Amino acid sequence: MADGVLWEHQFSLPCAVELADDQGVGLPCRGTKDYGAIMELNQMGGLNLGHTLADFVCFCDFFRGHEAFVPVGGGARANLADNAPYAFTDGFDGSIFNPANDWLEFPGRSIHQKAAQEQNKGGQVQHLQYHRSAMCDPSPVGGRRCVLCFRRVQMSYFRSTVEEMAGYVPGEQPAVANIVKLNTNENPYPPSPDVLAILQKNKWFLNRYPDPSARLVREAAAEVVGGEPDEILVGNGSDDILTILIRACVDQGDVVACLEPSYSLYPVLAQIQGSCLQRIPVEEDFSLPKFRPDLVGRASLVVLTSPNAPIGASLDHERIAEWCREFDGLVVVDEAYADFADVNATGLVRTHLNCVVTRTLSKAYSLAGIRLGYAYAAASVIRQLAKVKDSYNVNAITQALAVAALRDQKTLAENVGRVRETRERLTQSLRELGFAVLKSDANFLFVKPPFEALEYCAGLRDAAIIVRHFPGFITGAFVRISIGTDAEIDRLIEVSESILKERHGA
Ligand SMILES: Cc1ncc(COP(=O)(O)O)c(C=O)c1O
């Protein structure tokens, strides 16, 4: 719960719920004399509070001097059936009461995650805060298992969607030196020397606004993809382009569809827009399934990531074409890593009005720091998208450097070649060590160690190597490793070997 919101205890439902067991599932309801009539848990685990008006409801389990609360979402919800987000806590463990501001905080780990996830349809409760005023006087129940209903008494300054969301968590950017940083898919090599020369030689007129249309960048990008400048929209990284696409095409309550697993920013952008997310599960071999209407539901925009992240493989070209043909809305092909692959979807832009390809200079061009991405689509699509962008969304220095980088395809090819070579070498070495390594067309590998993925990450971190782990049903057993320099990858292989040896020795 965000700062600035106060909660008033409305009423309690004594012992209304038998919280089943430690799993928090099942939820048989035991109505009580006072409240049985309005309180009913259906078989789905949904909670129906009838005509009551509660902004959130807490299942209160064991008391240890205080109550332990769990909210069931913001906004006035009289009927919390089915999809209502709520969760359980099994006590007060790990909670921190801050007497200075009267807030009580539960770090995520004190929440009964399993129950939270099951009841919350996959949602995760990260961190909860309750104001002291929400911690009502001693419960009428006398210390065990009750349901407490609260009403919001001070309006939040923010949309409930924003309050309830966890926000995107970018990969770690360590401040210390001497770290082998293989966690955010940057390019370990320097960018085009032309970029650096421009930085040094140019006289910058920073008192002036940049070109709002980034004309020179559009011209250079158009040449790269074989299109026209009016078919290009430039953004502050491709994240900006994705934001523009969703803002332009998706209304509140609409649906955005994306692959599962894929880039974890898409759900966040959908959430910010107040829209729903439809996840399209990849096939067992991580490929794009054949198009089926039920996979997209009523989505107004689909994002297909190729090469997919964090998986690494490109999606089948013919399949993407089929999705463009069959789907009514825009098909965004996020090609952040396509420069490392043999195939791309730019040809589909020329044959399908609803195909938008997004690209970035953050990966293959070694320019994550300047923030530049672009969209390639039919001119009529670009004209609509351009209305939504911030007027000056790309600064003058970035524009100048991006032009130099895009025009230096020779350096791009050299760097891509080195990364691809190292990628193949690392694939081979890790397979020899017993890792499962998925095919990659990107500048990272998605690998499954022959033991717990988190243990592998911890072992690498002890040796000052950081990689990325994505919790989740499919991804949790894997680790994503960005391709670094040859020396960095040698170090990673060496440390991996010694982790394995230690395990065998233990
Ligand atoms: C699939 C995918 N798309 C887009 C991006 C964001 O790129 P940019 O740096 O251009 O915002 C990333 C970054 O990791 C990514 O993995």
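See the structure shown above.
Since we're looking at a predicted model, the values are computed, not measured.

### Comments concerning the overall build of the protein chain
Thinking step 1. When helices and strands are tallied, the protein chain shows 14 helices and 21 strands.
Thinking step 2. Accessible surface, the protein chain as shown: approximately 23100 Å² in total, 51% of it carbon and sulfur.

### Describing the state of the cysteines
Thinking step 1. As enumerated under the stated definition, the model contains zero disulfides in all.
Thinking step 2. Free of any disulfide, Cys355 has its nearest cysteine sulfur in Cys324, 4.0 Å distant.
Thinking step 3. Under the relative-accessibility criterion, Cys355 is labelled buried at 0%.

### Notes on the sheet that holds strand 14 (residues 299–305)
Thinking step 1. What the seven strands build is an open sheet, ordered 11-17-16-15-14-12-13; its pairing is mixed. The sheet is open, and its two borders are formed by strand 11 (232–235) and strand 13 (276–281), each paired with just one other strand. Across the sheet, the mean angle separating the axes of adjacent strands is 25 degrees when strand polarity is ignored.
Thinking step 2. Across four bridges, strand 15 (residues 330–334) lies against strand 16 (residues 355–360) in parallel orientation. Across the sheet, residue Val332 finds its bridge partner in strand 16, namely Val356.
Thinking step 3. Running at roughly 155 degrees to strand 13, helix 6 (residues 265–272) makes contact with strand 12 (255–260), strand 13, strand 14 and strand 15 of the sheet.

### Focus: the sheet that holds strand 18 (residues 436–437)
Thinking step 1. Taken together, three strands build an open sheet; the order of strands is 18-19-21 and the sheet is antiparallel. Strand pairing shows two members of the sheet lacking a second neighbour, strand 18 and strand 21 (479–482), which therefore form its edges.
Thinking step 2. Here two bridges tie strand 18 to strand 19 (residues 444–448), and the two strands are oriented antiparallel to one another. What sits directly across from Ala436, in strand 19, is Lys448.
Thinking step 3. The sheet strands contacting helix 12 (residues 409–432) are strand 18, strand 19 and strand 21, and the helix crosses strand 19 at an angle near 10 degrees.

### Here's the deal with unusual backbone geometry
Thinking step 1. Omega for the peptide link from Ser306 to Pro307 comes to -10 degrees, which places this bond in the cis form.
Thinking step 2. For Pro307, the position within the fold is in the loop between strand 14 and helix 8 (317–326).
Thinking step 3. Following Ala309, the chain continues to Pro310 via a peptide bond in cis, the omega torsion being 5 degrees.
Thinking step 4. Tracing the backbone through its elements, the reader meets Pro310 in the loop between strand 14 and helix 8.
Thinking step 5. Of note in this structure, Asn185 is not a glycine but carries a positive phi near 55 degrees.
Thinking step 6. Mapping Asn185 onto the fold places it in the loop between strand 10 (180–181) and helix 3 (193–201).

### Looking at the site of the ligand
Thinking step 1. Taken together, the neighbourhood of the ligand is formed by Gly237, Ser238, Asp239, Tyr263, Thr305, Asp334, Ala336, Tyr337, Thr360, Ser362, Lys363 and Arg371.
Thinking step 2. In this structure, an oxygen atom belonging to the ligand sits 3.0 Å away from a main-chain N or O atom of Asp239.
Thinking step 3. Tyr337 has a polar side-chain atom sitting 2.7 Å from an oxygen atom of the ligand.
Thinking step 4. Within the complex, the protein chains bury 92% of what would otherwise be the 390 Å² of accessible surface of the ligand.

What counts and what doesn't
- Sequence order as written defines residue numbering, which begins from 1 separately in each chain.
- For this predicted model, a pLDDT threshold of at least 70 governs which residues receive local features, and a threshold of 80 or more governs which side-chain atom pairs are given and counted, while totals over whole chains, interfaces and linings are taken from all residues.
- Working from all heavy atoms in the structure, the side-chain values ignore hydrogens and water.
- Numbered from the N terminus, helices here are DSSP runs of H or I no shorter than four residues, and strands are runs of E no shorter than two.
- Residue exposure ignores everything except the shown protein chains as possible cover, and the areas themselves are Shrake-Rupley values with a 1.4 Å probe.
- Cysteine sulfur atoms that come within 2.5 Å of each other are treated as a disulfide pair.
- Exposure classes here rest on a 1.4 Å probe applied to the protein chains alone. A residue is buried below 20% of its type maximum, exposed above 50%, and partly exposed in between.
- DSSP bridges decide pairing: two strands pair if at least two such bridges lie between them.
- Inter-axis angles, ranging from 0 to 180 degrees, are taken between N-to-C directions of lines fitted to C-alpha atoms, where helices are fitted over the stretch in contact.
- Contacts are assigned to residue pairs with any non-hydrogen atoms lying within 4.5 Å of each other.
- Note on definitions. A residue lies near a molecule or strand when any single heavy atom of the residue is within 4 Å of it.
- N or O atoms within 3.5 Å of each other form a polar contact, as long as, within protein, one can give a hydrogen and the other can take it, and as long as residues adjacent in sequence are counted only when both atoms are side-chain atoms.

Structural measurements only, silent on function.
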